[in-house]
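Spelled out, the chains give:
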Amino acid sequence: MSTNPISATIDFDKDGIQHGFLRLPHSTNESAWGSIMIPITQFKNGDGPTALLSGANHGDEYEGPIALYSFAARERFDDLQGRVIIVPAMNYPAFCAGTRVSPIDGLNMNRIYPGQAKGTVTPVIADYFSQTLLPMADYVLDIHSGGKTLDFVPFAACHVLEDKAKKARCIAAMRAFGAPYELKMVEIDTAGLYDTQVESMGKVFVTTELGGWRYKLTGDHRYC
Ligand SMILES: [Zn+2]
């Protein structure tokens, strides 16, 4: 197996609040020794479960990053037990460009999981989630919204799973999110989804669709 080139500037075992980056070396004509610096925040208070929260799996979906950057700015961690890892913009190059797919390699993050350690930027980020972040997680929330081409009523969702006990845990987590609507989904095509990767690893997974439609920020990030 190839080694993923991303390195974290935070220590996942350390208690407290840490703000840092996932550093992905990216040499270009504009920056010979450049890196893509993907923001990451961790709150850790002793032992306990780990929640992994992400937004901007699709770069034009801003409700998740708005909510998660806001949450990452909290000043307390002693009211939590366990660990919360926050990556507000999973597809950071797409988020910066305001596009659904990556402006660097043209790939849709949510169609290429589990990713590749040796490849272009998008599959390398996916591989880091698959190999490093997800193994640490017990609960996973990936916040989507409508982006430029869709407009949703605000809902949290989980998948219809064959394992009834696992499905019940996902439904409970979906309801804990507290969106006005809930959806139990059967995907048309599960190949390459982050959702599929998370669930294949046995994690409790919740996703959302919160508003959207051409940057018309409806305030639906308030549900996060
Ligand atoms: Zn999306």
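Residues numbered from 1 in each chain as written. Predicted model: local features only at pLDDT ≥ 70, side-chain atom pairs only at ≥ 80, totals over all residues. Heavy atoms only, no water.

Chemist: With reference to specific residues and values, describe the overall build of the chain.
Modeler: Counting its regular elements, the chain contains five helices and nine strands. For the chain, the N- to C-terminal ordering of α and β elements is β-β-β-β-α-β-α-α-β-β-α-β-α-β. The C-alpha radius of gyration computed for the chain amounts to 17 Å, which stays within 12% of the reference 17 Å derived for 224 residues, consistent with globular compactness. Oriented by its inertia axes, the alpha-carbon framework of the chain measures out at about 50 × 40 × 35 Å. Counting every position in the chain, which comprises 224 residues, the buried fraction comes to 50%. For the chain, the share of sequence-separated contacts (at least 6 apart) that also reach a separation of at least 24 residues comes to 70%. Carbon and sulfur atoms make up 54% of the accessible area of the chain, which totals about 10,600 Å². Positive and negative charge centroids in the chain, built from 20 and 25 side chains respectively, lie 2 Å apart. (Helix = DSSP H or I, 4+ residues; strand = E, 2+ residues; numbered from the N terminus. Rg over C-alpha atoms; globule rule 2.2 N^0.38 Å. Buried < 20%, exposed > 50% of the residue type's maximum accessible area, 1.4 Å probe, protein only. Contact = heavy atoms within 4.5 Å. Areas by Shrake-Rupley, 256 points an atom, 1.4 Å probe, with all protein chains shown as cover. Lys, Arg positive; Asp, Glu negative; His and termini not counted. Charge placed at Lys NZ, Arg CZ, Asp CG, Glu CD.)

Chemist: Go over the coordination of the zinc ion with me, naming the residues and quoting the values.
Modeler: Taken together, the protein donors to the zinc ion comprise H58 (ND1), E61 (OE), E61 (OE) and H144 (ND1), at separations of 2.0 to 2.4 Å. Note that the zinc ion binds four donor atoms; their angles at the metal cover 56 to 146°, and the shape is irregular. On the primary sequence, the residues serving as donors to the zinc ion are separated as H-x2-E-x82-H. Of this pair, H58 sits in the loop between strand 4 (50–55) and helix 1 (63–72) while H144 sits in strand 6 (residues 139–144), placing them 86 residues apart in sequence. In this pair, the class of H58 matches that of H144, namely buried. (Donors = N, O, S within 2.8 Å, 3.2 Å for Na, K, Ca; no water. Tetrahedral: all angles 85-135°; square planar, octahedral: opposite > 155°, others 65-115°.)

Chemist: An account of the environment of Y181 is needed here, citing residue identities and associated values.
Modeler: Position of Y181 among the secondary structure elements: in strand 8 (residues 181–185). Since its relative accessible area comes to 48%, Y181 is described here as partly exposed. As for Y181 and L210, which are separated by 29 residues in sequence, their C-alpha atoms are 10.0 Å apart. For Y181, the residues in contact, after removing those within four places along its chain, are V153, P154, F155 and A156.

Chemist: Describe the layout of surface pockets, with residues and values.
Modeler: Of the pockets and cavities examined, the largest pocket occupies roughly 550 Å³. Around the largest pocket, the lining comprises 24 residues; the ones closest to its centre are A51, L53, F71, L141 and F177. Elements that contribute at least two residues to the lining of the largest pocket include exactly strand 4, helix 1, strand 5 (82–87), strand 6 and helix 4 (164–177). Among the elements that make up the lining of the largest pocket, the one with the highest residue count is helix 1 (five residues). Roughly 410 Å³ of volume is contained in the second largest pocket. Here the lining of the second largest pocket is composed, by residue class, of seven nonpolar, five polar and seven charged. (1 Å grid on protein atoms, 1.4 Å probe; cavity = no way out; pocket = protein on both sides within 12 Å on 5 of 7 lines; lining within 4 Å. Points joined across faces, edges and corners; volume = space filled by probe spheres on them. Nonpolar A, V, L, I, M, F, W, Y, C, P; charged D, E, K, R; others polar.)

Chemist: Tell me what's going on with the pairing of strand 2 (residues 16–25), and back it up with residues and numbers.
Modeler: By the bridge criterion, two bridges tie strand 1 (residues 7–8) to strand 2 in an arrangement that is antiparallel. Directly across from S7, in strand 2, lies its bridge partner R23. Bridge count for strand 2 against strand 3 (residues 35–45) is 10 bridges, and the pairing is antiparallel. Paired with L22 across the bridge in strand 3 is I38. (Pairing = 2+ DSSP bridges.)

Chemist: Run through unusual backbone geometry, naming residues and quoting values.
Modeler: For the bond running from Y113 to P114, omega is 15°, close enough to zero to count as cis. Assignment of secondary structure puts P114 in the loop between helix 2 (92–97) and helix 3 (121–133).

Chemist: Report on the sheet that holds strand 4, specifying residues and quantitative values.
Modeler: Read from one edge of the open sheet, nine strands run 1-2-3-5-4-6-9-7-8, paired in mixed fashion. On the outer flanks of this sheet lie strand 1 and strand 8, each paired with one strand and no other. Bridge analysis of strand 3 against strand 5 gives five bridges, and the strand direction is antiparallel. Opposite K44, over in strand 5, you have R83 as the bridge partner.

Chemist: Would you mind going over the nonpolar core in detail, with residue names and values included?
Modeler: Judged by nonpolar contacts, the single largest core of 28 residues is most densely connected at L52, I125, F129, L133 and Y194. Contributions of two or more residues to this core are made by strand 2, strand 3, strand 5, helix 3 and helix 5 (194–200). Counting residues per element, this core draws most heavily on helix 3, which supplies seven residues. Among all residues touching L52, those that are not within four sequence positions of it are I85, F129, L133, L134, A137, Y139, V140, L141 and Y194. (Core = buried A, V, L, I, M, F, W, Y, C linked by side-chain atoms within 4.5 Å.)

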